[in-house]
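Residue strings, one per chain:
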Amino acid sequence: MEATLEYVVSGLPPFDLVYSDGINDQTLHFYSTDTSIVVMPIDTTVYTIVMISDSNNCSAEPFVTKTVNVIPQPIANPGPDSTLCINRALDSLILYATPSPFGIGTWSSPDLNNGNLVISSVNDPTASLFVIVYGTYDLTWTEENTTLCSDDSTITLSFNEMPSATISGGETICNGDSVALNLSFTDETGIGPFSLVYSEGLSFSTLAGLSGNDTTIFVSPSISTVYQLISIAAQN
């Protein structure tokens, strides 16, 4: 960051002014009785006027000092964007901000205030984030080192509901007959089309391109067989 040093001098212009940052001397040549310079120290630095002279060849060594305090600039790193399929009643997301050596970090989002998201601690870089309403949200990690130096960065998090389904039907049949099994997707399971894997004893079958909330399959087992849903996947 920049800092401005202002000098007010007396005498007959033009002036030559020598100032030091403790390591190097710099010379200014100017005509006004007041002037300023812009400095960009990386650490706290004491600037000293070593000498000033005017056009009468009169000079002085005032050794006037000015200290510029440098506050370290924090760098906000909130971690990566994420897209997750979750069960909002059971799951949470662990955030992965990387705190800088300087400053205090804070998570913020309008959705933390309106109830769509709940966070375990706004000042914890690895806080747990709980989803109340599925959707896509921006979450900002801000680091502040006093009120003068701060940095922030935003991640985008998308939360989709974990799809689920139930299987029903089945009864006692005669060998050689078929029976209907009803597959029903529960409400808010995600975006179709869906794909589904079910087991028939020791074998597995996959159904793909399913749309809507229900589908029916017909099976003709030769012996008593247990049918079980193994997995379901939505487009999102």
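Use the structure listed above.
Residues numbered from 1 in each chain as written. Predicted model: local features only at pLDDT ≥ 70, side-chain atom pairs only at ≥ 80, totals over all residues. Heavy atoms only, no water.

**A closer look at the nonpolar core**
Phase 1: Ranked by size, the top nonpolar core spans 19 residues in total, and within it Leu 95, Trp 107, Leu 129, Leu 139, Leu 157 and Phe 159 carry the most contacts.
Phase 2: Elements with a contribution of two residues or more to this core: β11 (117-119), β12 (128-131), β13 (135-145) and β14 (149-161).
Phase 3: Apart from residues lying up to four places away in sequence, Leu 139 is in contact with Leu 95, Trp 107, Ser 108, Ser 109, Leu 112, Leu 129, Ser 153, Thr 154, Ile 155 and Leu 157.
Phase 4: If you look at the next biggest cluster of nonpolar residues, it comprises 15 residues, including Ala 3, Tyr 7, Phe 15 and Leu 28. (Core = buried A, V, L, I, M, F, W, Y, C linked by side-chain atoms within 4.5 Å. Buried < 20%, exposed > 50% of the residue type's maximum accessible area, 1.4 Å probe, protein only. Helix = DSSP H or I, 4+ residues; strand = E, 2+ residues; numbered from the N terminus. Contact = heavy atoms within 4.5 Å.)

**Details of the environment of Ile 217**
Phase 1: Relative to the helices and strands, Ile 217 resides in strand β19 (residues 214-219).
Phase 2: When its relative accessible area of 10% is taken as the criterion, Ile 217 is described as buried.
Phase 3: Sequence-wise, Ile 217 and Ala 180 are 37 residues apart; in three dimensions their C-alpha atoms are separated by 5.7 Å.
Phase 4: Sequence-distant contacts of Ile 217, defined by excluding residues within four places in its chain, comprise Val 179, Ala 180, Leu 181, Leu 183, Tyr 198 and Leu 207.

**Description of the packing of aromatic side chains**
Phase 1: Scanning all chains against the criterion turns up four aromatic pairs.
Phase 2: Between Phe 15 and Phe 30, the aromatic rings sit 5.7 Å apart at their centres with planes inclined by 35°, giving tilted as the arrangement. Separated by 15 residues along the polypeptide, Phe 15 in strand β2 (residues 15-20) and Phe 30 in strand β3 (residues 25-30) bring together distant segments of the chain. Summarising the burial analysis for this pair, Phe 15 and Phe 30 share the class buried.
Phase 3: Look at Trp 107 and Trp 141: their rings are 4.8 Å apart centre to centre, the planes differ by 50°, and that puts the pair in the tilted class. Here Trp 141 lies in strand β13 and Trp 107 lies in strand β10 (residues 104-108), a separation of 34 residues in the sequence.
Phase 4: Overall, the relative accessible area of 2% leaves Trp 107 in the buried class. (Phe/Tyr/Trp six-rings, centres within 6.5 Å; stacked < 30°, edge-to-face > 60°.)

**What about unusual backbone geometry?**
Phase 1: A cis geometry characterises the amide bond from Pro 13 onward to Pro 14, with omega recorded as 5°.
Phase 2: Tracing the chain through its elements places Pro 14 in the loop between β1 (3-8) and β2.
Phase 3: Although it is not a glycine, Asn 57 adopts a positive phi angle of roughly 60°.
Phase 4: Taking the relative accessible area as the measure of exposure, Asn 57 reaches 71% and is therefore exposed.

**A word on the pairing of β14**
Consecutive residues of a regular strand have side chains that alternate between opposite faces of the sheet.
Phase 1: Two elements, strand β8 (residues 82-86) and β14, share five bridges in a ladder whose sense is parallel. Residue pairing in the sheet places Thr 83 in a bridge with Ser 158 of β14.
Phase 2: Pairing of β13 with β14 involves 11 bridges; the strand directions are antiparallel. Paired with Glu 144 across the strands is Ser 150, a residue of β14.
Phase 3: Between β13 and β14, which follow one another and run antiparallel, lie three residues, and Thr 146 among them has a positive phi close to 60°. (Pairing = 2+ DSSP bridges.)

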